[in-house]
Amino acid sequence: MHKTINSTEFRKMILVGAKQLEINRAKVDALNVFPVPDGDTGTNMSLTMQSCVKELTACQSSAFPEVCDSISKGALKGARGNSGVILSQILKGICSVVRKEEKEVDTKTFAKALEAGTKVAYGAVSVPKEGTILTVIRMMGEHAVKVASKKKNFEEFLEEVIAEGDKALALTPELLPVLKKAGVVDSGGVGLMVIVKGFLSALTGEEVAENNYSEADEGSDGDFGDNSAILAMDIGDIQYAYCTEFFIINLKKSTMLSMIDRLREKLMAIGDSVICIGDLELVKVHVHTNQPGKALSYALELGELERPKIENMLEQNRQMKAKLEAEKKEMGMLAICTGAGLSEIFKDLSVDRIIEGGQTMNPSASDIANAAQKINAEHVFVFPNNKNITLAAEQAKNLVENKTLHVIPTKNVPQGFAAALEFDPEATAEENKTNMIHALDNVKVGQVTYAVRNTSLNGFSIKEGDIIGLDDKKILAKSHSLEETVLKLIARMKEDFHQVITLYYGEDVKEEEAEALCEQIAEKYPDCDVDFHNGGQSVYYYILSLE
């Protein structure tokens, strides 16, 4: 029994929680409310946890502050979708309490940590909604505080907390009618419970296979990589000026494997970003240092040098800064969408960068921040084009440097198009932001897809395989025919002032089919301009825009 946990045990709790969630990811995905093939809560939460695992594995310290900071950093960088962002904030709150401890944490402290996780998570959502993952963490945190003084060993304490979490989960359909109609509990809450049950498993002895990550494993093409990160730094931030790299070949007969290890230690004493790997046949070396000559002389003790390269990162930085300043503009745009056709339309509208993502693949806050960072502009307008990406986009504001992100709350791609069309390079950032937000009100959007389960929702009895039409709130039409569903959906959505109807057809629709459907729509609505474009999106046969 554990009356306290140390940093090693806390680390293991996170690893096992992440592993358990990955095992159950598909089950959590399957609990999506709407009967469309876009369940991704489990995937988003799992990717968020895997980002934690990556940072945690790279953390060599066993001290609570460093361990907790790695967890918080990993969760923030990897947060995807609303569920992932909220999970990242829960972990941030927990770690804000645990990191203050020197050696061990008792149940009272962990109860306070759960309470802090609740507070931070609720604070991350502009309009907190009960019946979600927020309800589950709140009820667990409140119960944890009540029982911590009686349940002083962690196993019994976590069993109590989990029991309360299960009660909270069972309540979610009563608190959120849409869950009750769909006959499911909240998927985010399920994901959280899987993680917390993993915490308990870690303490009762369940093992988890740890993933090993290293910077060299990512994106390696057999070379030493580039210095793009260094070039983005201020010169004052560059501690070591010379990027030094080479191979050691024809190693001396007297050279032993232990000498390669000693070379690595010597290089670490004179620089950073050290790579020193190989065997008695070939050794690969990379180091940032102010003493490249010394690095080369150390290597010569083991064998001959091949392909030596020494680059002055200070001068590279100066040149890059000068180039960036010459090309810098005041404002840029970033859009998130899936589908080659939709991406091309955004490019035609002068959007600087497009991130692959959408209903079934939510980019993380870090993905959005990294893309925005690459836009050479002081102000960047971000079009999430999906309400499940908006929170991550807002979170990305905290990850960018030397620029301001303006998140335009576009719920779908046509709203993104409308916002991009409003961009005026002669106007101020605030004027553009205001105009873009106002433009969203002029677009009404529908989407057509297929049902993946039997259910009863929005007054419809849905059968698996039915073609269904939705607006941004509910199902408005269904039939067994794709064309019939589109026509029914337009009839439900169209108002007298709409003058333009645009169809963006997906990857499963042929151009001639979309053209024929457009002719039917034009015949039915002769006062409207009807057009169609290849969107190339997955999941949705058609995205409709009425303006």
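This report concerns the structure included in the present document. Remember, predicted model here, so these are calculated numbers, not experimental data. (Residues numbered from 1 in each chain as written. Predicted model: local features only at pLDDT ≥ 70, side-chain atom pairs only at ≥ 80, totals over all residues. Heavy atoms only, no water.)

**As for a positive patch on the surface**
The condition is simple: Like-charged residues are merged into a patch within 9 Å and nonpolar side chains (Val, Leu, Ile, Met, Phe, Trp, Tyr) within 5 Å, provided each residue has over 30% relative accessible area and no salt bridge. Every accessible area reported is derived by Shrake-Rupley at a probe size of 1.4 Å, with residue values counting cover from the shown protein chains alone. Salt bridges are identified by distance alone: a Lys or Arg side-chain nitrogen within 4 Å of an Asp or Glu carboxyl oxygen. For the purpose of counting charges, residues Lys and Arg are taken to be positive, whereas Asp and Glu are taken to be negative. His and the chain ends are not included. Charge positions come from single atoms, namely NZ of Lys, CZ of Arg, CG of Asp or CD of Glu. Only DSSP runs of H or I covering at least 4 residues are called helices, and only runs of E covering at least 2 are called strands; the numbering of each starts at the N terminus. Buried residues are those whose accessible area, probed at 1.4 Å on protein chains only, stays under 20% of the maximum for their type, while exposed residues exceed 50% and partly exposed ones sit between those limits.
A contiguous patch of positive charge on the surface is contributed by Lys3, Lys108, Lys112 and Lys152. Its place among the elements puts lysine 152 in the loop between α7 (133–147) and α8 (154–175). For lysine 152, a relative accessible area of 53% corresponds to the exposed category.

**Thoughts on the packing of aromatic side chains**
To keep it simple, the criterion reads: The criterion for an aromatic pair is that two Phe, Tyr or Trp rings (for Trp, the six-membered ring) have centres within 6.5 Å, with stacked assigned to planes under 30 degrees apart, edge-to-face to planes over 60 apart and tilted to the rest.
Using the criterion set out here, one finds nine aromatic pairs in the structure. Here phenylalanine 10 and phenylalanine 64 contribute two aromatic rings whose centre-to-centre distance is 6.3 Å and whose plane-to-plane angle is 55°, an arrangement assigned as tilted. You can see phenylalanine 10 sitting in helix α1 (residues 7–23) and its partner phenylalanine 64 sitting in helix α4 (residues 64–78), a full 54 residues away along the chain. Given a relative accessible area of 1%, phenylalanine 64 falls into the buried group. Relative to phenylalanine 157, the ring of phenylalanine 154 has its centre 5.9 Å away and its plane inclined at 85°; by these criteria the two rings are edge-to-face. Of this pair, phenylalanine 154 and phenylalanine 157 are both found in helix α8, three residues apart, which corresponds to roughly one turn of the helix. Just as phenylalanine 154 is buried, phenylalanine 157 falls in that class too. Joined through ring pairs, the aromatic side chains of Phe110, Phe154 and Phe157 make up one cluster.

**Some words on the packing of helix α3 (residues 41–58) against helix α5 (residues 81–98)**
This is how it is decided: Lines are fitted to the C-alpha atoms to define the axes, a helix being fitted only along its stretch in contact, and any angle between axes, read from their N-to-C directions, falls within 0 to 180 degrees. Roughly parallel covers angles under 35 degrees, roughly antiparallel covers those over 145, roughly perpendicular covers 65 to 115, and oblique covers all other angles. Crossing handedness is read from the near helix: turned anticlockwise from the far helix by less than a right angle, it gives a left-handed crossing, and turned clockwise, a right-handed one. Contacts are residue-level and defined by heavy atoms, with any inter-residue pair within 4.5 Å sufficient. Think of it as three bins: nonpolar holds Ala, Val, Leu, Ile, Met, Phe, Trp, Tyr, Cys and Pro, charged holds Asp, Glu, Lys and Arg, and polar takes everything else, Gly as well.
Across the interface, α3 lies against α5 with an axial gap of 7 Å and an inter-helix angle of 40°. Between α3 and α5, the crossing angle belongs to the class labelled oblique. In this structure, the crossing between α3 and α5 has a hand that is right-handed. Contacts from Thr41, Asn44, Met45, Thr48, Met49 and Cys52 in α3 reach Gly81, Ser83, Gly84, Leu87, Ser88 and Leu91 in α5. Looking at the contact of α3 with α5, its residues break down into five nonpolar, seven polar and no charged.

**A short note on the pattern of salt bridges**
Scanning the entire structure with this criterion turns up 19 salt bridges. We note a salt bridge from aspartate 29 to arginine 25, for which the minimum N-O separation is 3.9 Å. Of the two residues, aspartate 29 and arginine 25 both sit in helix α2 (residues 25–29), four residues apart, roughly one turn of that helix. The residue aspartate 472 makes a salt bridge to lysine 411 at a minimum N-O spacing of 3.6 Å. Taken together, the residues span a long stretch of sequence, with aspartate 472 in the loop between β14 (467–470) and β15 (475–479) and lysine 411 in the loop between β10 (404–407) and α18 (413–421) at a distance of 61 residues. Put simply, Glu22, Arg25 and Asp29 are held in one network by salt bridges that share partners.

**Overview of the sheet that holds β10**
In plain terms, the rule: Paired strands, in this sense, are two strands between which DSSP finds at least two bridges.
Strands sit in the order β8-β7-β9-β10 across an open sheet of four strands; the sheet is parallel. Two strands close off the open sheet at either side, each with one partner strand: β8 (353–356) and β10. Within this sheet the neighbouring strands show an average axis-to-axis angle of 25°, counted without direction. Examined bridge by bridge, strand β7 (residues 329–337) and strand β9 (residues 377–383) share six bridges and lie parallel to one another. Bridge assignment links methionine 331 to a residue of β9, and that residue is histidine 379. Strand contacts of helix α15 (residues 340–348): β7, β8 and β9, with the helix running at about 165° to β7, the strand carrying the most contacts.

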